[in-house]
Amino acid sequence: MTPSAIERPQVNGPSGFIELNGQMLLVDYGKVYLDGTPIGFLYEDGVLKDTNGPLGASAAPRAIDVIPGCVFRGIDTTGMPLELPFAKPGPTGGLNYNGVPLNVINGRLSTQDHRLVGEFEEDGTVYLRDAINKAPRRKLDEHTQLATFFEGRNGKGEPFRREFLRPLYKADKNYSENETIRYFEGFDALTSVQKRYVMDSLKLWSSCGLLQIVRKSEGTAALGSVKHGAAGATGVRTGNVTLDREEFEKEIMLIKRFGLLATVATRWKPYFEVRLNLVVSHEYGHQLEFILSQATQEKIDELYRKQLSLSERRFPSPRSYDGTSELLPQDKILDRIFISGYARQSMHEYWAECVAAFSMKEGRRALKELDPAISHMLEELVTAPEKMVRAVFVDQILDLQASLRLGNELSGNLLDS
Ligand SMILES: [Zn+2]
């Protein structure tokens, strides 16, 4: 399931009961009833509006905290338990999260449309309500919290400011841009065309949090000189990626002239080979493989073997060809088995080429058509990585993705754009 399919309904009202000086009021999706008569509306973040009767006549929005003895108990719109107000007083004011404006009401962190998304404490700690994985209190830390600015008052009513910036991050850039710059060493020295190419290649992976996990676990990428005429290499010992500077520059020209996927003639006539011009995300794909669970890696191997036997049957290599690429007549390009000729070489190159193709919209479309099974697996890796990464990364990626959803980096349309 993609995040867009599980986004919350429009009406952000909880369900349960309000207890008010011995009286019980029914709350149904936010609508508050006294003996069947509507007397107001309660949002998840504890804001009441259009109230009358025992709640007091008021059209203007008010926080539940200002009505003495008023307590709500029930569930929020996602079914997680909710009690309002919170037991201890907290800050009230405006909070900016990775550029997204949020409200804080007595410690309750909410969106402009009153969705309760977490808690903000006096010491600056942020807890998120993860509606997708039904975790009501994910505590963020310096690895999972995005840039945060708070201004308002503390629980005692005194002026209070808080700021959190991630180490080495530029304040004028959002999370995904900052992560890409941290991953790609020497980014600032690139030309603007090269910068755009690197940003585009890694946008999907930085926005879903996997680039950060890969950077911290496996390493970074940098331009350098790679021997044996390869475009890039991923170090087995360090996990760092070195991209050949010349090849990198050439590839940006190729992608401009021929597009992402180029069909090139080979010297084995009349055979052609499909080339994918995405070395940055290809090498990243090798690093990504290292953080996947054993079960996931086995599944990739299984998919690769299936594709390989299909390819061997349908497109056997020309007799004099001693390479491993998938070669085929020009009129069979659309019927090819592998996304690129090179993907046929091994399970590792298959995975790296599929990751690279999946990084860009055009490549995702092609991959979905040619190889729906791996395409589906990559979709799941982005939207529910906890099912596919090694156990040691599960907690962090869950916290990080909840944080990225709130910071508007990871959204339902990430894979459509
Ligand atoms: Zn490779």
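Values in this document were obtained by computation on a predicted structure and should not be read as measured data. (Residues numbered from 1 in each chain as written. Predicted model: local features only at pLDDT ≥ 70, side-chain atom pairs only at ≥ 80, totals over all residues. Heavy atoms only, no water.)

Enquirer: Just give me the short version of the sheet that holds strand 22 (residues 328–329), but keep the residues and values in it.
Expert: The 3 strands lie next to each other as 20-21-22, forming an open sheet whose pairing is antiparallel. With partners counted over all chains shown, the strands left at the sheet margins are strand 20 (261–265) and strand 22, one partner each. In this structure, strand 20 lies alongside strand 21 (residues 271–276), joined through 5 bridges in antiparallel fashion. For T263, the partnering residue across the bridge sits in strand 21 and is V274. (Pairing = 2+ DSSP bridges. Helix = DSSP H or I, 4+ residues; strand = E, 2+ residues; numbered from the N terminus.)

Enquirer: Report on the packing of helix 2 (residues 192–207) against helix 5 (residues 279–290), specifying residues and quantitative values.
Expert: At a minimum axis distance of 9 Å, the contact between helix 2 and helix 5 shows a crossing angle of 35°. In the crossing of helix 2 with helix 5, the sense of the turn from one axis to the other is right-handed. Here Y197, S201, L202 and W205 of helix 2 come into contact with helix 5, specifically with V279, V280, S281, Y284 and L288. Partitioning the contact of helix 2 with helix 5 into residue classes produces 7 nonpolar, 2 polar and no charged. (Axes fitted to C-alpha atoms, helices over the stretch in contact; angles between N-to-C directions. Left-handed = near helix turned anticlockwise from the far one by under 90°. Contact = heavy atoms within 4.5 Å. Nonpolar A, V, L, I, M, F, W, Y, C, P; charged D, E, K, R; others polar.)

Enquirer: Quick one: what's the story with the coordination of the zinc ion, residue by residue and with numbers?
Expert: Bound to the zinc ion on the protein side are H282 (NE2), H286 (NE2) and E349 (OE), at distances that span 2.1 Å. Each donor residue of the zinc ion lies on one chain, and together they are spaced H-x3-H-x62-E. With a gap of 63 residues between them, H286 in helix 5 and E349 in helix 7 (residues 347–358) connect regions that are remote in the sequence. The buried category is assigned to H286, whose relative accessible area is 11%. (Donors = N, O, S within 2.8 Å, 3.2 Å for Na, K, Ca; no water. Buried < 20%, exposed > 50% of the residue type's maximum accessible area, 1.4 Å probe, protein only.)

Enquirer: Residue-level account of the domain arrangement of the protein, with values.
Expert: Domain annotation of the protein identifies domain 1 (3–84), domain 2 (92–164) and domain 3 (175–383). The straight-line distance from the C-alpha centre of domain 2 to that of domain 3 is 39 Å. (Domains from an automatic or database assignment.)

Enquirer: Got a sec to walk through the side chain of R215? Specific residues and values, please.
Expert: Among the secondary structure elements, R215 is positioned in helix 3 (residues 210–217). Setting aside its immediate chain neighbours within four residues, R215 contacts E179, R182, Y183 and T220.

Enquirer: Give a description of helix 7 that names residues and reports values.
Expert: The terminal C-alpha atoms of helix 7, which comprises 12 residues, lie 16 Å apart, in line with the 16 Å expected from a rise of 1.5 Å per residue. Among the 12 residues in helix 7, 11 count as buried, and that is most of the element. Buried residues of helix 7: M347, E349, Y350, W351, A352, E353, C354, V355, A356, A357 and F358, and no others. For helix 7, the secondary structure elements touched by its buried residues are helix 2, strand 21, helix 5, helix 6 (294–314), helix 8 (361–370) and helix 9 (372–383). (Expected span 1.5 Å × (residues − 1).)

Enquirer: Go over a nonpolar patch on the surface, please, and point to the residues and values.
Expert: The grouping of F17, M24 and L26 at the surface amounts to a nonpolar patch, some 300 Å² of accessible area in total. On the secondary structure map, M24 appears in strand 2 (residues 23–28). We classify M24 as exposed; its relative accessible area is 52%. (Patch = residues over 30% accessible without salt bridge, like charges linked within 9 Å, V, L, I, M, F, W, Y side chains within 5 Å. Areas by Shrake-Rupley, 256 points an atom, 1.4 Å probe, with all protein chains shown as cover. Salt bridge = Lys/Arg side-chain N within 4 Å of Asp/Glu carboxyl O.)

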